[in-house]
Amino acid sequence: MKTVDMHCDTVSELWKREQAGEKISLLDCDCHINLRKMKQGDYLLQNFALFVNMEACADPWEHVQELFALYERLMKENAGLIVPVTCTEEIERNRLSGKMSALLTVEEGGVCKGSLEKLDILYSQGVRMLTLTWNYQNELGSPNIDRKKKPTLQDTFVPNVSDGMTEMGFAFVERMEELGMIVDVSHLSDAGFWDVARRAKRPFVASHSNARQICPCVRNLTDEMIRALAEKGGVTGLNFCADFLTKAQENTPNPGTVEAVVRHAKHIVKVGGMECLGLGSDFDGIDTHAELPGADAMERLWHALVKGGFTQDQADAVFGGNVLRLYREVLG
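### A look at helix 4 (residues 88-96)
Working note: α-helix, 3.6 residues per turn, so residues spaced by three or four point in the same direction.
Part 1 of the argument: Here helix 4 has its buried residues at T88, I91 and N94. Down the axis, helix 4 shows its buried residues gathered within 120° of arc, on one side only. Among the exposed residues of helix 4, those pointing more than 90 degrees away from its buried face are E89 and L96.
Part 2 of the argument: Its buried side turned inward, helix 4 meets strand 2 (43-51), strand 3 (82-85), strand 4 (100-107) and helix 12 (312-330).
Part 3 of the argument: Just beyond helix 4, the residue with positive phi is G98, at close to 80°.

Okay, here's the thing in structure tokens:
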């Protein structure tokens, strides 16, 4: 078992804590993810997202640069345990030297303010995946859940099928494919997903999205989306958010179970095939999952997959093999 996780918000969580005056440490903080927990979870690679809530900062570009500076500092402080990577050769080099790898991503394409030059800067800084939208409309496209509209619980089950990608969004997808940066459609509207699926020439991902057939939240993918993603050679990452695993009910606790994660995993591979599924925990961006409370609990999920009918090789593919295959194709 080697763990590869396509999405966490740990850097942004640590930034918030430091701004509040706390002393922070990636080694042993009490976040869902820290380096000691990652060692226990047999991590090969963690994607660290620079998550920006555009409505909570004065300038999203300046804020993503603040987060990048923190990421660089955390990597330097822990260089003996984890090393930033931009390609699969570097991941393998770290594995052979006994170190974990960190891949930098950005969650919120709006940080670029519609500027391809800013996208190029992010690439030069090591960003190798960009989530086109978060929960606000931006210059690239529209999300399924728009926080500006103050959505109700019921709104989270109604997809946006009319507002898709903009021409600037298509230009970003084209440039990302030229650079070798992975297009991430998690959070994107249904209309936007299909726009990307039609225009993309290379594999893309839904870094942290589950199956809508199992849980109707619009943050998840329909069966048709799963098939389209798989046909492009893409991967979706199992998200541990309890409300994306089991339908949320008003004023009812939803703690999360491993069985629910396995249920989504089985459905996704049934629909899209074994190669389209990976992990996208969303750790430190979600409430704590009762049975998967952090990076140190990943072995529990691996055994649950095997108990649920996956072979050990198939469980290993979900835990990392499928994502690494896509990374070899897109990142080199």
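And the narrative resumes.
### Here's the deal with the packing of helix 7 (residues 190-199) against helix 8 (residues 223-231)
Part 1 of the argument: Close contact between helix 7 and helix 8 brings their axes to 11 Å; oriented N to C, the two are set at 25°. The orientation of helix 7 relative to helix 8 falls into the category roughly parallel. Considering the relative orientation of helix 7 and helix 8, their crossing is left-handed. Contacts between helix 7 and helix 8 involve D190, F193 and W194 from the first element and E224, M225, A228 and L229 from the second.

### A look at the pairing of strand 4
Within a regular beta strand, the side chains point alternately toward one face of the sheet and then the other, so they alternate between its two faces.
Part 1 of the argument: Across the eight residues that make up strand 4, a large majority, eight, are buried.
Part 2 of the argument: Of the two faces of strand 4, both are covered, the one formed by M100, A102, L104 and V106 as well as the one formed by S101, L103, T105 and E107.
Part 3 of the argument: Sheet analysis places strand 2 next to strand 4, joined by seven bridges and oriented parallel. Paired with L45 across the bridge in strand 4 is S101.
Part 4 of the argument: Bridge count between strand 3 and strand 4: four bridges; the pairing is parallel. If you follow V83 over to strand 4, its bridge partner there is S101.

### Let's talk about the pairing of strand 5 (residues 127-131)
Part 1 of the argument: Along strand 5, five of the five residues are buried, which leaves the element largely enclosed by surrounding structure.
Part 2 of the argument: The pairing of strand 4 with strand 5 spans four bridges and is parallel. Counterpart to E107 in the pairing with strand 5 is T131.
Part 3 of the argument: Handedness of the strand 4-helix 5 (residues 116-124)-strand 5 crossover: right-handed.
Part 4 of the argument: Pairing between strand 5 and strand 6 (residues 182-184): three bridges, direction parallel. Bridged to L130 within strand 6 is V183.
Part 5 of the argument: The β-α-β motif built from strand 5, the intervening helix 6 (residues 167-179) and the parallel element strand 6 has right-handed crossover chirality.

What counts as what
- Position numbers for residues start from 1 in each chain and track the written sequence from start to end.
- Reporting of local features is limited, given that this is a predicted model, to residues whose pLDDT is at least 70; pairs of side-chain atoms are given and counted only at 80 or more, and all residues count toward the totals for whole chains, interfaces and linings.
- With hydrogens and water excluded, all non-hydrogen atoms of the structure serve as input to the side-chain values.
- The cut-offs for exposure are 20% and 50% of the maximum accessible area for each residue type, with area from a 1.4 Å probe on protein chains only; residues under the lower value are buried, those over the upper are exposed, and the others partly exposed.
- Helical segments are the DSSP runs of H or I of at least four residues, strand segments are the runs of E of at least two, and each set is numbered from the N terminus.
- This arc describes the spread of directions from the helix axis toward the C-beta atoms.
- Any two residues whose heavy atoms approach within 4.5 Å at even a single point are treated as in contact.
- Between N-to-C directions, angles span 0 to 180 degrees; the directions come from axes that are lines fitted to C-alpha atoms, helices contributing only their stretch in contact.
- Note on angle classes: values under 35 degrees are labelled roughly parallel, values over 145 roughly antiparallel, values of 65 to 115 roughly perpendicular, and the remainder oblique.
- Crossing chirality is assigned from the near helix's rotation relative to the far helix, an anticlockwise turn below a right angle marking it left-handed and a clockwise turn marking it right-handed.
- Between any two strands, pairing holds if DSSP finds at least two bridges.
- Seen with its strands pointing away from the viewer, a crossover is right-handed if its path from the first strand over the helix to the second goes clockwise.

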